[in-house]
Amino acid sequence: MSCIDLKHISLEPKQIVKDVYWVGVNDCVKDLFESLWPIPSGISYNAYVVEGSEGAAVIDGVDRHLTYEYIEKIREVVGDLDRVKYVVINHLEPDHHASTPALLSLARNARIVISPVGAKIIQSLYQVPRDRIVEVLDGGVLNLGGKTLKFIFTPWIHWPETMMTYLEEEGVLFSCDAFGSYGALAGGIFDDEVDLEYYLEEARRYFSNIVLKYSRNVSEAISKIEKLGLKISVIAPSHGPIYRRHIDKIFSLYRDLYQPKLRVKASIIYGSMYGRTEEIVERVAEALRKKDVTVELIDAARVHPSYVLHYVVDSGAIVFIYPTYDAAVFPPVLDIANYLHIKQVGRGRVAAVLNTSSWGPAIREIVDLLNKSGFQVLDAVSIKAIPTPEDEKRIEELIEKLAMELKKLT
Ligand code: FEO
């Protein structure tokens with residue numbers, strides 16, 4: 001179902017456990033998350049209200065254009081906005097908190113709860129009065145009257161100030177970006193109400209686009225949560241479904257992502273202007289398949305980098321095959337190499353480069369990026385568009401090296 005189809009589905013505030021409500025919104029307006037990543041089925045910004053006997057806390061918020069809907073949902077739950085004592089900021093990025101200044105202006109008793117790092121950077125994003133900011137410590141707690149919020153610092157998931165909030169009495173972990181997924185919420189808000197396989201796949205793409213660079217921090221955060229021995233009955237992320245029946249599935253997905261078991265798989269990222277380079281791509285692919293390597297072909301001009309990152313997460317090898325273009329690397333291929341560099345995808349993987357040209361090689365720029373990404377670059381050769389016998393030999397050598405290195409992964 002496309003996000004446009006969802007527009008008429010009104011999701012009211014929903015109770016997720018006793019005294020805890022979802023007050024999130026679906027965003028069916030944006031086509032690109034962060035103006036980078038396609039969201040054909042939209043995205044949800046999940047926010048929550050925790051009701052204690054001494055007042056309410058709002059956990060996180062939404063993007064600016066959905067502020068009105070979010071505040072009306074909070075009002076529906078708490079009645080009078082003056083009952084809101086705290087607005088917990090797990091992560092400052094505007095998809096979660098562009099709504100917060102407006103909420104603070106209406107909820108006159110509310111104070112922001114944030115990590116010290118967050119308190120240092122909040123004014124660079126939002127103008128909020130300093131006397132309405134409460135800094136909390138890692139492991140610190142806040143009592144709402146029968147409801148205890150515990151704060152767990154999880155830096156770099158996905159900014160330096162990030163933390164999670166744990167509701168002790170009900171075992172709810174508000175995890176913010178961690179365990180989040182693309183896709184507006186269709187049909188319900190819980191994992192057992194939606195097409196979970198779809199959201200898990202989109203959680204995988206979300207991870208590879210947003211959090212992949214911080215895999216080590218994710219691993220540390222999950223170890224920390226496990227060591228704390230929290231009794232988690234619900235994981236309530238800031239995007240996508242809330243997990244209450246299949247917590248094991250989202251944990252298991254994350255373990256596979258932050259510590260991927262690399263497969264004997266080569267992703268061939270290629271460009272071809274007139275079909276000749278594509279013929280070489282097909283020959284390389286066939287030769288690798290004969291050596292029992294799984295091959296994935298990615299036409300860089302037609303597959304968005306968001307999906308490329310998603311596909312290559314478990315690839316042991318990445319091969320770039322492309323023509324020279326204006327004395328440079330074919331631009332869509334270079335674009336993807338740049339994304340792999342930004343996301344630091346190379347660690348533990350091997351790469352190879354095969355450039356075709358009639359009048360001049362274009363290799364150095366891409367090899368520099370791959371080295372900086374952490375790849376072990378096995379080979380980087382430039383050959384003629386119609387390969388000479390020497391070129392054929394180079395192609396053979398490249399295939400041999402790739403297959404040999406990939407076999408070492410098993
Ligand atoms: Fe969902 Fe890092 O923002």
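Residues numbered from 1 in each chain as written. Predicted model: local features only at pLDDT ≥ 70, side-chain atom pairs only at ≥ 80, totals over all residues. Heavy atoms only, no water.

### A word on the sheet that holds strand S13 (residues 148-153)
1) Next: An order of S12-S13-S14-S15-S16 is seen for the five strands of this open sheet, with the pairing classed as mixed. The open sheet has two edge strands, strand S12 (141-143) and strand S16 (234-237), and neither has a second partner. Each strand of the sheet is rotated relative to its neighbour by a mean of 20°, with strand direction disregarded.
2) Next: Bridge count between strand S15 (residues 172-176) and S16: four bridges; the pairing is parallel. By the bridge assignment for S16, Cys176 is matched with Pro237. (Pairing = 2+ DSSP bridges. Helix = DSSP H or I, 4+ residues; strand = E, 2+ residues; numbered from the N terminus. Axes fitted to C-alpha atoms, helices over the stretch in contact; angles between N-to-C directions.)

### Considering the pattern of salt bridges
1) Next: Following the criterion strictly, the structure yields 26 salt bridges and no others.
2) Next: The partner of Glu51 in a salt bridge is Arg83, and the shortest N-O contact between them spans 2.7 Å. Here Glu51, found in strand S7 (residues 48-52), pairs with Arg83, found in the loop between helix H2 (67-78) and strand S9 (84-88); they are 32 residues apart in sequence, far enough to count as distant.
3) Next: A relative accessible area of 30% places Arg83 in the partly exposed class.
4) Next: The salt bridge involving Arg216 is made with Glu220; its shortest N-O contact spans 3.3 Å. Of the two residues, Arg216 and Glu220 both sit in helix H7 (residues 215-228), four residues apart, roughly one turn of that helix.
5) Next: Among the ionic contacts, a cluster of salt bridges with common partners joins Lys18, Asp19, Lys147 and Glu170. (Salt bridge = Lys/Arg side-chain N within 4 Å of Asp/Glu carboxyl O. Buried < 20%, exposed > 50% of the residue type's maximum accessible area, 1.4 Å probe, protein only.)

### Describing the layout of surface pockets
1) Next: Size it by volume and the largest pocket reaches roughly 240 Å³.
2) Next: Contributing to the lining of the largest pocket are 15 residues, with Met273, Tyr274, Pro323, Ser358 and Ala385 lying nearest its centre.
3) Next: Broken down by class, the residue content of the lining of the largest pocket amounts to six nonpolar, seven polar and two charged. (1 Å grid on protein atoms, 1.4 Å probe; cavity = no way out; pocket = protein on both sides within 12 Å on 5 of 7 lines; lining within 4 Å. Points joined across faces, edges and corners; volume = space filled by probe spheres on them. Nonpolar A, V, L, I, M, F, W, Y, C, P; charged D, E, K, R; others polar.)

### Brief notes about a nonpolar patch on the surface
1) Next: A cluster of nonpolar side chains, namely Met273, Tyr274 and Tyr325, defines an oily patch on the protein surface of about 380 Å² accessible area.
2) Next: Within the fold, Tyr274 resides in the loop between strand S17 (263-270) and helix H9 (276-290). (Patch = residues over 30% accessible without salt bridge, like charges linked within 9 Å, V, L, I, M, F, W, Y side chains within 5 Å. Areas by Shrake-Rupley, 256 points an atom, 1.4 Å probe, with all protein chains shown as cover.)

### Concerning the domain arrangement of the protein chain
1) Next: Considered domain by domain, the protein chain is made up of domain 1 (6-258) and domain 2 (263-409).
2) Next: Computed over C-alpha atoms only, the centres of domain 1 and domain 2 are separated by 39 Å.
3) Next: Across the contact, 13 residues belong to domain 1 and 14 residues belong to domain 2.
4) Next: Carbon and sulfur atoms supply 58% of the area that domain 1 and domain 2 bury against each other, a total of about 1,300 Å² over both sides.
5) Next: Counting across the interface, domain 1 meets domain 2 through zero salt bridges.
6) Next: Elements represented by at least two residues in the side of domain 1 that touches domain 2 include exactly strand S5 (37-38) and helix H6 (196-211).
7) Next: Ranked by residue count, the leading element in the side of domain 1 that touches domain 2 is H6, at six residues.
8) Next: Partitioned by chemical class, the residues of the side of domain 1 that touches domain 2 number seven nonpolar, two polar and four charged. (Domains from an automatic or database assignment. Contact = heavy atoms within 4.5 Å. Buried area = accessible area lost by both parts, 1.4 Å probe.)

### Description of empty space enclosed by the protein
1) Next: Applying the stated criterion across every chain, the model contains one cavity of 30 Å³ or more.
2) Next: Of the pockets and cavities examined, the largest cavity occupies roughly 30 Å³.
3) Next: Together, Ile157, Met164, Ala178, Phe179, Val218, Ala221, Ile222, Ile225 and Tyr254 line the largest cavity.
4) Next: Counting residues per element, the lining of the largest cavity draws most heavily on H7, at four residues.
5) Next: Of the residues in the lining of the largest cavity, the class split is nine nonpolar, no polar and no charged.

### A look at helix H10 (residues 305-312)
1) Next: With six of its eight residues buried, H10 lies for the most part within the structure.
2) Next: Buried within H10 we find Pro305, Ser306, Val308, Leu309, His310 and Val312.

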